[in-house]
Amino acid sequence: MKKLKKILSQFMLIACLSTFLAPNAEILPNLLIVATAQAAAYSKETINDVQEALNYAGYNCGTPDGVVGKNTKTAIRKYQKAKGLKVTGAVNNTLIKSLGVTVHKKTSSRTARTEATVYITRTGSKYHRSGCRYLRQSKIAVSLSEAKKYYEPCSVCNP
């Protein structure tokens, strides 16, 4: 995480210096990293609702999928320009308020529990981690909770 912050801060410094030296160059709105970082502040549900609202308003951004892609950014830019908003091409509070979209709470990765995946074989009675040597012949993915119901853990890989 620290490395990512360092890279992003270096990137922002370069971008700021670039716009200072060449103020007419529009480099920031076209960069995927900036738009992705801004969109990451909102849940997929919120972005999906923004996409639906843009489509309804006549700004085609494709099928709403909760991901800010090229079509969504283009639609956002067109909408922002038409409404006299600051043209960023990114999902932000101004855009959300203008579209009348409700912000959905983003689920924290700490609170969202993802089920661990383990593997079983066609003939075995134990469950294994991904790299276990007993998975050479067959490897069937199952959730850890299901595996615990019907199988024993492998004594080699200790899943």
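Before any of the text, the structure's been laid out above.
These numbers come from a predicted model, not from an experiment.

## Brief notes about the overall build of the chain
Along the chain, the regular secondary structure elements total six helices and four strands. Residues classed as buried in the chain amount to 27% of the 159 residues present. In the chain, 41% of the contacts between residues at least 6 apart in sequence involve partners at least 24 apart. Counting every atom, the chain has about 11,400 Å² of accessible surface; 54% of that belongs to carbon and sulfur.

## With respect to helix H3 (residues 44-56)
In this model, H3 (13 residues) spans 18 Å end to end at C-alpha, consistent with the 18 Å of a helix rising 1.5 Å per residue. Regarding H3, the residues found buried are Thr46, Ile47, Asn48, Val50, Gln51, Ala53 and Leu54. Phi turns positive one or two residues past the end of H3, at Gly58, with a value near 95°.

## With respect to the packing of aromatic side chains
Applying the stated rule across the entire model yields one aromatic pair. Between Tyr59 and Tyr79 the ring centres are 5.3 Å apart and the planes differ by 90°, which places this aromatic pair in the edge-to-face class. Placement of the pair is Tyr59 in the loop between H3 and helix H4 (70-83) and Tyr79 in helix H4, with a sequence separation of 20 residues. Since its relative accessible area comes to 4%, Tyr79 is described here as buried.

## Comments concerning H4
The end-to-end C-alpha distance of H4 is 20 Å, a good match for the 20 Å that 14 residues give at a rise of 1.5 Å each. Those residues of H4 lying buried are Thr72, Lys73, Ala75, Ile76, Tyr79 and Gln80. Projected down its long axis, H4 carries its buried residues within an arc of 160°, all on one side. Of the exposed residues in H4, those oriented more than 90 degrees away from the buried face are Lys70, Lys78, Lys81 and Ala82.

Each value, and the rule that gives it
- Residues numbered from 1 in each chain as written.
- Predicted model: local features only at pLDDT ≥ 70, side-chain atom pairs only at ≥ 80, totals over all residues.
- Heavy atoms only, no water.
- Helix = DSSP H or I, 4+ residues; strand = E, 2+ residues; numbered from the N terminus.
- Buried < 20%, exposed > 50% of the residue type's maximum accessible area, 1.4 Å probe, protein only.
- Contact = heavy atoms within 4.5 Å.
- Areas by Shrake-Rupley, 256 points an atom, 1.4 Å probe, with all protein chains shown as cover.
- Expected span 1.5 Å × (residues − 1).
- Phe/Tyr/Trp six-rings, centres within 6.5 Å; stacked < 30°, edge-to-face > 60°.
- Arc of directions from axis to C-beta.

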